[in-house]
Amino acid sequence: MHGMRVMWCFVLGCTLLISYSKAALQAVYLPSTCSSALSSTFTTSMRVQSSTALTYSNNVNCAITVTAPSGHQVLAVPRRFELEEQRTGACVDYVNFYAGASTGSPKINPQPYCDRSGPHNVSSSSTSMTLEFVTDGSARYRGFDIIFAAFTNAPCATDYFSCSNGLCIDKSLRCDSFNQCGDESDETACTAEELGIVDDNSALIYGLAFGLGSLVVIGVIIGVLVYRHYKWKRFLNEPIPKEHYTSTLRNYPVTKKYYKKSYQSYAYTNVASGPPSRMSNDFETDEDLDIGSRPTTPSSSASKKNHLQVPGAKSGKINMNVNAGASNC
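How each quantity is defined
- Residues numbered from 1 in each chain as written.
- Predicted model: local features only at pLDDT ≥ 70, side-chain atom pairs only at ≥ 80, totals over all residues.
- Heavy atoms only, no water.
- Helix = DSSP H or I, 4+ residues; strand = E, 2+ residues; numbered from the N terminus.
- Expected span 1.5 Å × (residues − 1).
- Buried < 20%, exposed > 50% of the residue type's maximum accessible area, 1.4 Å probe, protein only.
- Patch = residues over 30% accessible without salt bridge, like charges linked within 9 Å, V, L, I, M, F, W, Y side chains within 5 Å.
- Areas by Shrake-Rupley, 256 points an atom, 1.4 Å probe, with all protein chains shown as cover.
- Salt bridge = Lys/Arg side-chain N within 4 Å of Asp/Glu carboxyl O.
- Pairing = 2+ DSSP bridges.
- Axes fitted to C-alpha atoms, helices over the stretch in contact; angles between N-to-C directions.

A. Structural detail: helix H3 (residues 202–237). Here H3 spans 53 Å end to end across 36 residues, near enough to the 52 Å set by a 1.5 Å rise per residue. For H3, every residue scored as buried is listed here: Ser202, Ala203, Gly207, Gly211, Ser214, Phe235 and Leu236.

B. Just a nonpolar patch on the surface, in detail. A grouping of Val216, Val220 and Val224 is seen on the molecular surface, where their side chains present a nonpolar patch of about 260 Å² in accessible area. Note on placement: Val224 falls in helix H3.

C. Fine view of the sheet that holds strand S4 (residues 61–67). Overall, mixed pairing links the four strands, which are arranged S2-S4-S8-S6 in an open sheet. For this open sheet the edge positions go to strand S2 (38–41) and strand S6 (94–98), each flanked by a neighbour on one side alone. On average, each strand axis in the sheet is tilted by 20 degrees relative to the strand beside it, whichever way the strands run. In this sheet, S4 lies alongside S2 in parallel orientation, the contact comprising four bridges. Bridge pairing in S4 links Ser40 to Val66.

D. Inspection of unusual backbone geometry at higher detail. Ala154 connects to Pro155 through a cis peptide bond whose omega is 5 degrees. The phi dihedral of Cys175 falls on the positive side, at around 60 degrees, and the residue is not glycine. One can find Cys175 in the loop between strand S11 (167–170) and helix H2 (192–195).

Structural data, given as structure tokens:
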């Protein structure tokens, strides 16, 4: 049952992976220490996060400049903003935005952003925007995740999406699960085609076919293993048939381990005379068995009964004088 659940989860995961084809945004993570200012260019949108870890580092002083294509401006929209609380009315961990390619450019926000009072939307009047991030050594929080988008003002071109707030963003950003308009109008009333979901259920069919095929293969493998185990157990519990002594088509393992049991259910009336063969030295075979008895070890040929070949014994007639000289009972 557990294996079936794992298999169906695998099938569902494959189906979702096939059906969702939206590309992730370009992401930049700020390092714990910055020896110089960072910079990054983008075409339509990107994101900047405060750290690769769950919380940002102490004593950080970093600045990163993001640049949009020519003829565009930059819009910053926070997805997550959680910094240390103010102390005595002042920010100790904070973020500033600058309308240009360095921290020497005009500051966009009059007061630093800190604690959970992050910015709503921040826009630059130029093609570049610089973000400054400063922390002290007292506490660490989850930090920020900020989306940057290139935009123009209305009227929008044919290959741009018109946001409800009058901004124009690239049409490829429509319904990508990120709020690049700043008012979430680019993520409303999305169609299945815009979300990257296949309408003809072909992805679901492919996923189910792959899962069922995997189940068939696993079932065949299990069946082969069970059959081989059954065949081996049957070999261990039955003596070797006489007709298989010299057969080269049957490969029995040469061992004395498995054929030392006594078998009470077999009764044989004839025992072949003469020394045991090489095969019977390794196994207890039909020739080693007598009526209701079986030797305890395969090589104990002395335990076999010695049958006297009576001269003149023909057609059931036996010469009783063969015991001459013996004491009369």
